[in-house]
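Structural overview for review
Residue-level listing of the chains:
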Amino acid sequence: MHVFPLSGRAVPAILLALSLIGWQQTAADPGLTQSPKPRGTTRIVYIADANSDTQSVLPDSPTADHLRGYVDVLASGGVDIYGQDVFQKQGVGWFWPEHPDHAHYPGAVDNIDRSDGPPIKIAIQRSHQRGMKFLAAFRMADRHSGGQQGLIAKRKDLWNPDFGDGAMDYTHDEVRDWVFVLIEEILRRFDVDGIEFTYTRWMHCFPRDSARDSQPIMTRFLERVRNKLDAVGEVKGRRLLLGVRVPQTLEECHALGYDVPTWVEQGLIDYVSPCDFFYTDFNAQYEEFSALTSKSDCRLYPAVHPVTCRGDDIGILHPHNYRAAARNMYAAGADGISQFNYQYHFGRRRSGYPWPESNYPMAIAWLRQLRGTGAFDGLPRHYLFLPLWSSGAPSGFAKNDRIVLKREQGNSDSYRFRVAEDLRQDGVWAELIVRASKITEQDELSFSINGKAVRSGDIKTIFHGKGRPAKFGRPLGPHRTFMIALDSEMIRFGDNHLEVTVSKPDGNGADEIVIDELEVTVVPPPQNPQ
């Protein structure tokens, strides 16, 4: 997905350029590959919420064996690295910190008898028994409302002035020292395999107006952490990992104070997981990260999220969606797939979310399909291209790809959508679905894909005059759905461009026509037909 600062000044020029380009059929876009070769052996990184995961799955009176059983489920799902959130502004979870400036954050695991040690120790031991690495994850810019504890509760002068309410401002030495002493304590007390810094919660470690200039501050902090990890790792006889979860474009990273290219080039980090704050972006161009990581020992693990887009209160991804997203990520150079907030899949186990209790542990098993082995290539894939943030994107960058058409004959606009698919295979079936809202029943549109016109007679349409209610997903007013069969003459592996033109406007229509939902379904032929 292209992201633009919220001013959006570049949008018109870029859209005009796209509409004028004749897109040529090529094997693949630069930076993409049809034959991924992920490096290393780690394919699945699972980051668990401080409390929501275990609150969802442990019984009301949990024991150490129940916690071990949860770790076993992750291992059976193919997880290679289990990262457990232990730090956020509300305190420290999974153990009781010794440092006086840190306070304990209570959770479901607190009810486990401590005879086997604190919950983090039990989880680490079981992870190692099951062949998984265990990381302590830090929500570096956490801003869940209220409840701050420890130093950040006592020192309002250390709060980020843009947000208040305990938001940490890493401009201050005291904040960085406060985080570092907890890392030191974890490394001293527990046999962790490393640390993850989750910057995507909630993106802003620095005030907005000084964040870009603060990149050296965060880089020096990572150097300090890297040196500590190396010193402890030398004693333990293994390298301890430092991973970072960052915004999904380098422009966002730099704007927020995260100099990822320098972190990679200087060997400060072992993996980077770019992602959106809350949603899976099927259109993300992660090849800009792989251009950095492929020249280093740093691995690239882009992240998937379960829920779909802002405004959709019931939508959630399914295995066919994850297979599509992972296919795009591996094509862009990913070495594996990470995830975040995965516990939403079984949200009704702990709260009033619409996603059923029965999805645990089934949803964990879906992760086996994201290892990039090709074993599941014969199963259908469903790509979703949605307006992730029609407003209020936490990073401060708009993520609202759309086509906007004036009610003038000949007015046109275009949309980039990425599918890592080769449709030349015999028997493959594929379809593009396009939804146009604020359209009347009399408006007529024409379509071309990569410069090739789509015959109107080949398009299936339906007009939904009553719109789409919230019980069916993201609410839409009256809209028309267009269903277009795809083939290898239309679609190329990688980025494709849909151009839509107003061929006959309805003179009684008032609003501009908006297209901000596309879907692509690909059904491969049976691999072993009987």
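Structure first, text after, so check above.
Figured I'd write up the structure that's included with this text. Because the structure is predicted, anything quoted here is derived from the model rather than measured. Per chain, residue numbering runs from 1 following the sequence as it is written. At least 70 in pLDDT is required for a residue's local features to be given in this predicted model, at least 80 for side-chain atom pairs to be given and counted, and no such filter applies to totals for whole chains, interfaces and linings, which use all residues. As a rule here, side-chain values come from all non-hydrogen atoms in the structure, and water together with hydrogens is ignored.

This part is about the overall build of the protein chain. Going along the chain from the N terminus, every DSSP run of H or I of four or more residues is numbered as a helix, and every run of E of two or more is numbered as a strand. Counting its regular elements, the protein chain contains 12 helices and 22 strands. Against the compact-globule benchmark of 24 Å for 530 residues, the protein chain has a radius of gyration of 24 Å, which places it among compact chains. Structurally, the protein chain occupies a C-alpha span of about 70 × 60 × 45 Å along its principal axes. Buried residues are those whose accessible area, probed at 1.4 Å on protein chains only, stays under 20% of the maximum for their type, while exposed residues exceed 50% and partly exposed ones sit between those limits. Counting over 530 residues, the protein chain shows a buried share of 59%. Two residues qualify as a contact provided that any one of their heavy atoms is within 4.5 Å of a heavy atom in the partner residue. Considering only contacts within the protein chain whose residues lie at least 6 apart along the sequence, 80% involve residues at least 24 apart. For the accessible areas, the method is Shrake-Rupley and the probe is 1.4 Å, while residue cover comes only from the protein chains on display. Carbon and sulfur atoms make up 49% of the accessible area of the protein chain, which amounts to about 21100 Å² in all. The centroid of the 60 positive side-chain charges in the protein chain is displaced by 2 Å from the centroid of its 67 negative side-chain charges. Put simply, the radius of gyration uses C-alpha atoms, and a globule should come to 2.2 Å times the residue count raised to 0.38. For the purpose of charge, His is not counted, nor are the chain termini; Lys and Arg are scored as positive and Asp and Glu as negative. Just so you know, the charge point we use is NZ for Lys, CZ for Arg, CG for Asp and CD for Glu.

Three or more residues of helix H12 (residues 359–366) are buried, namely Asn359, Tyr360, Ala363, Ile364 and Trp366. Summarising the axial view, the buried residues of H12 lie within an arc of 150 degrees, below the 170-degree limit, and thus occupy one face. What the arc covers is the set of directions going from the helix axis to the C-beta atoms.

Once that is clear, we can look at the sheet that holds strand E18 (residues 452–454). Strand pairing is assigned whenever DSSP identifies at least 2 bridges connecting the two strands. A sheet is described by the order of its strands in space; here 4 strands give the open sequence E15-E21-E17-E18, paired in antiparallel fashion. What marks the edges here is a single partner per strand, and that holds for strand E15 (412–419) and E18. For this sheet, the mean inter-axis angle between neighbouring strands, taken without regard to orientation, is 30 degrees. Alignment of E15 against strand E21 (residues 494–504), held across 8 bridges, turns out to be antiparallel. Bridging from a neighbouring strand, Asp413 pairs with Val500 of E21. Axes here refer to lines fitted to C-alpha atoms; in helices the fit is confined to the stretch in contact. Angles between the N-to-C directions go from 0 to 180 degrees.

The next point concerns the nonpolar core. To qualify as a nonpolar core, a set must consist of buried Ala, Val, Leu, Ile, Met, Phe, Trp, Tyr and Cys residues joined through side-chain atoms within 4.5 Å. Ranked by internal contacts, the top residues of the largest apolar core, which has 149 residues, are Phe138 and Phe197. Tallying contributions element by element places helix H6 (residues 173–189) first for this core, with 8 residues. Counting 9 residues, the second-largest nonpolar core is a separate cluster that includes Val45, Ile47, Leu241 and Tyr271.

To continue, consider the environment of Gln149. In this fold, Gln149 is placed in the loop between strand E5 (133–139) and helix H5 (151–154). Residue classification places Gln149 among the partly exposed positions, given a relative accessible area of 26%. Excluding its chain neighbours within four sequence positions, the residues that come into contact with Gln149 are Lys89, Gln90, Gly91, Ala103, His104, Tyr105 and Trp178.

Only rings of Phe, Tyr and Trp enter the pairing, Trp through its six-membered ring, and a pair is recorded when the two centres are within 6.5 Å. The plane angle decides the type: under 30 degrees is stacked, over 60 is edge-to-face, the rest tilted. As enumerated under the stated definition, the model contains 29 aromatic pairs in all. Taken together, the aromatic side chains of Phe87, Phe138, Tyr170, Trp178, Phe197, Tyr199, Phe221, Tyr258 and Trp263 make up a single cluster linked through ring pairs. Placement of a charge over a ring requires the Lys NZ or Arg CZ to be within 6 Å of the ring centre, with the centre-to-atom vector within 35 degrees of the ring normal. The positively charged end of Arg350 is found above the aromatic ring belonging to Tyr344, 5.6 Å away from the centroid.

Right, let's talk about helix H11 (residues 319–331) for a bit. Under the convention used throughout, the expected extent of a helix is 1.5 Å for every residue step, that is, one less than its residue count. Spanning 13 residues, H11 covers 18 Å between terminal C-alpha atoms, matching the ideal 18 Å at 1.5 Å per step. Burial of H11 is extensive: 11 of the 13 residues sit out of reach of the surface. Buried within H11 are the following residues: Pro319, Asn321, Tyr322, Arg323, Ala324, Ala325, Ala326, Asn328, Met329, Tyr330 and Ala331. At its buried positions, H11 is contacted by strand E10 (303–304), strand E11 (337–339), H12, strand E12 (381–385) and E15. The first or second residue beyond H11 is Gly333, which carries a positive phi of 105 degrees.

This part takes up unusual backbone geometry. Cis geometry marks the peptide bond from Arg201 to Trp202, where omega comes out at -10 degrees. Inspection of the secondary structure assignment puts Trp202 in the loop between strand E6 (194–198) and helix H7 (215–236). Cis geometry is adopted by the peptide bond preceding Pro361, which originates at Tyr360 and carries an omega value of 5 degrees. Within the secondary structure layout, Pro361 lies in helix H12. Positioned with a positive phi, Trp94 is a non-glycine residue whose angle comes to about 75 degrees. Positionally, Trp94 belongs in the loop between strand E4 (91–92) and helix H4 (119–129). Look at Trp94 and you get buried, because its relative accessible area is 1%. Non-glycine residue Met203 carries a positive phi angle of around 80 degrees. Relative to the helices and strands, Met203 resides in the loop between E6 and H7.

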